[in-house]
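Now for the letters of each chain:
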There are 2 protein chains.
Amino acid sequence: MKLPHRRQFLHLAAGAAVLPAVQPMTPAAAQSGPPSTREVPARSIPVPDTVSPEMQAVIARPFNPNFNLVPETTTDWKKRVDDAARNVLATLPRLREALGVSVEPTMMGGVKAFIVTPKAIPPSNRDRVLLHLHGGVRVFNPGEAGTREGILMAGFAHYKVITVDYRMPPDFPFPAALDDAVTAYRELLKTTRPENIGIFGASAGGSLTLTTLLRAKAEILPMPGAIAPGSPTVDLSKTGDTLFTNAFVDNLLGTQDGFIRATALLYANGRDLKDPLLSPIYGDVHGFPPAILTSGTRDLYLSNTVRMHRKLRAAGVEAVLQVWEGQSHVQYMTDFTAPETKEYHDEVARFFDLHLGKVRP
Amino acid sequence: MKLPHRRQFLHLAAGAAVLPAVQPMTPAAAQSGPPSTREVPARSIPVPDTVSPEMQAVIARPFNPNFNLVPETTTDWKKRVDDAARNVLATLPRLREALGVSVEPTMMGGVKAFIVTPKAIPPSNRDRVLLHLHGGVRVFNPGEAGTREGILMAGFAHYKVITVDYRMPPDFPFPAALDDAVTAYRELLKTTRPENIGIFGASAGGSLTLTTLLRAKAEILPMPGAIAPGSPTVDLSKTGDTLFTNAFVDNLLGTQDGFIRATALLYANGRDLKDPLLSPIYGDVHGFPPAILTSGTRDLYLSNTVRMHRKLRAAGVEAVLQVWEGQSHVQYMTDFTAPETKEYHDEVARFFDLHLGKVRP
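These numbers were taken from a predicted model, which means no experiment stands behind them.

Cut-offs used in this document
- Residues numbered from 1 in each chain as written.
- Chains lettered and ligands numbered in written order.
- Predicted model: local features only at pLDDT ≥ 70, side-chain atom pairs only at ≥ 80, totals over all residues.
- Helix = DSSP H or I, 4+ residues; strand = E, 2+ residues; numbered from the N terminus.
- Rg over C-alpha atoms; globule rule 2.2 N^0.38 Å.
- Buried ≥ 20, exposed ≤ 12 C-beta atoms within 10 Å, placed from the backbone.
- Contact = placed C-beta atoms within 7 Å.
- Pairing = 2+ DSSP bridges.
- Axes fitted to C-alpha atoms, helices over the stretch in contact; angles between N-to-C directions.
- Parallel < 35°, antiparallel > 145°, perpendicular 65-115°, else oblique.
- Nonpolar A, V, L, I, M, F, W, Y, C, P; charged D, E, K, R; others polar.

Comments concerning the overall build of chain A
Scanning chain A from terminus to terminus reveals 10 helices and 10 strands. Relative to the compact-globule value of 21 Å for 361 residues, chain A shows a C-alpha radius of gyration of 20 Å, a close match. Projected onto its principal axes, the C-alpha positions of chain A cover 70 × 45 × 45 Å. Evaluated residue by residue, chain A yields a buried proportion of 53% over its 361 residues. For chain A, restricting intrachain contacts to residue pairs at least 6 apart in sequence, the fraction spanning at least 24 positions comes to 80%.

In structure tokens form, the structure reads like this:
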């Protein structure tokens, strides 16, 4: 009976040696008022057995080996992006076939995009379109690699999806991505009533969904019918409690300090990280359409998702939140065969169906 | 610039020495398939500065010094309960006065209860009643000490509240509390239409809200109009990912292994901890009324709240979730002057208003 315990202590010691200690960014806070930092000991966290076997396998994955490697040159950045895109692209034919989805390139007011179409679109969705802003920490998933989330949504939720292939760093930092997203939205408004448009995206794409709405408001464009930001990275400054509590708990992102922070700086290109068009948590969200936000209990961006949810609620927006057991960042769509992936898309589909414009009889 | 870093390492070492390492309960899981435990290093977590100053003070509190002290005799349990009740009672006169709420004892079919009445009840709420099942890990808050949550709800949400003073261990283990809650609900149904009844409670009271509905279903009683389980402890077995990830992050509960587990065993009195009437996450929740569930990012029971939310959603129940930045277990009601406390009650009031029966013109 004692052997497993001893083995766990060994694991624990090994973990402590391999992983750096997590440092808060604001040591000054410790100097005023009550002791303001919580000291949390090392721990060994088992995979929950209440999620599907497929999700258990996702949760059990070791840390992403690249989570702390920061490219030093533009060439290094591009190689990193290309390598990742190649990996994603290799998975897409099987995904498209399994979900019965076709993808074709298009242009929207000079912006590259892809039309992602499921085999069958029910009559209730025939006039509706979902605009998709993909994730990838603002640097990954150029070109067709960006369509993966769109294929999942088209296949599971039975909507026509348009994936915007927005420009990204290192060649195109802020505001290129936002410009492209707003241009695509403006183009879509020429053919589709705003209440029939949903906008969605994960991570950086969830944040871009929100900044697109901030910009649309400023340009007096109508709001879309509903949005679905998945684990949106709404705060590029190191703010959000789970950036600390879930550091090295989130197996996809590891910590915000390494690669993630480098991508934020690369995208911001010298701009204040708390600018609302970079970090929409600091924007004015009054008048936003209904929103469904998603995160996981191990997500580094759980806090920023729930902060955004509360901010939307406080502004009187009909915003709902779902948080998934044991999942790290955007793992609700990691394995398309996991029942949680279908359940996530079913929830979002129901939400869009409830809030987007109805077919007129 | 290096001094704060060094000081933090000292804090870190001190924390590691004071606090025991967290051990998972199922080391067997580590032996099959991929490496199934996550090794997480010690960390120092600052108080988030994006919450109110009042909430920052709550989050900055040191660990509850009693979180790991387990009473050994019935006398010890009673002393612990009495001491805690005395502390709560001392705060109630000021709370009642500040919120303009009066409290009077009553009986409901032989069960002790309190009628908690705000100064003014708006016309829309005049036929509605909220049944309140208080928290306190199934042993705390006997008698008038149990009315604290009821006073907050009556004062902030402007409803008439009935707090059930259900029997508790060590004298009265399961099913005494559940029997009393169902008896009170059955009595209330004699004077109030079910759609005009809301049931709410925090922690153990949130779980008791759900087991009361399971029992009501089995006894073919009508469902109430809506429920509001706050951070419900819906699983008394050591199941739920944040029991591990948030151990020693949650400053109220610390860990599930010490006092919390002892109260679960005391209440269960030998019964299987996964019995749905002890742990409603294992029950059949089809047909449940609309529910608003609440937790915090540091809550030991965040996972069990989100698991329950998902279970309700999967059963087709209109269930909404709110999660509060940086809060440990039920800290949405710790300081009644914190704006988050009012915001929480405003949300719940809106939810009840939306879903409870409307006054007939």
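A short note on the sheet that holds strand β3 (residues 101-108) of chain B
What links the strands of a sheet is backbone hydrogen bonding, and the strands pair in either a parallel or an antiparallel sense. All names here are of chain B. Taken together, the 8 strands give an open sheet; going across it, the order is β3-β4-β6-β5-β7-β8-β9-β10, and neighbouring strands pair in mixed fashion. Each having just a single partner strand, β3 and β10 (319-324) make up the two edges of the open sheet. Taking the axes of each pair of neighbouring strands and ignoring which way they run, one obtains an average angle of 20° across the sheet. Two strands pair when backbone bridges link them, and strand β7 (residues 197-202) and strand β8 (residues 226-230) are joined in this way by 5 bridges, in the parallel orientation. Paired with F200 across the two strands is A228, which belongs to β8. The strands that helix α5 (residues 176-189) touches are β3, β4 (111-118), β5 (129-133), β6 (160-164) and β7; relative to β5, the one it contacts most, it runs at about 170°. With respect to the sheet, helix α9 (residues 302-314) is in contact with β9 (291-296) and β10, its orientation differing from that of β9 by roughly 155°.

Here we look at the packing of helix α3 (residues 74-99) of chain A against helix α4 (residues 148-157) of chain A
Residue and element names in this part refer to chain A. Two elements in contact, α3 and α4, have axes whose closest approach is 10 Å; the angle formed by their N-to-C orientations is 10°. Here α4 runs roughly parallel to α3, going by the angle between their axes. Residue-level contacts link V88, L92, L95, R96 and L99 of α3 to R148, I151 and G155 of α4. Split into classes, the residues belonging to the contact of α3 with α4 amount to 5 nonpolar, 1 polar and 2 charged.

That's the geometry; what it means functionally is another story.
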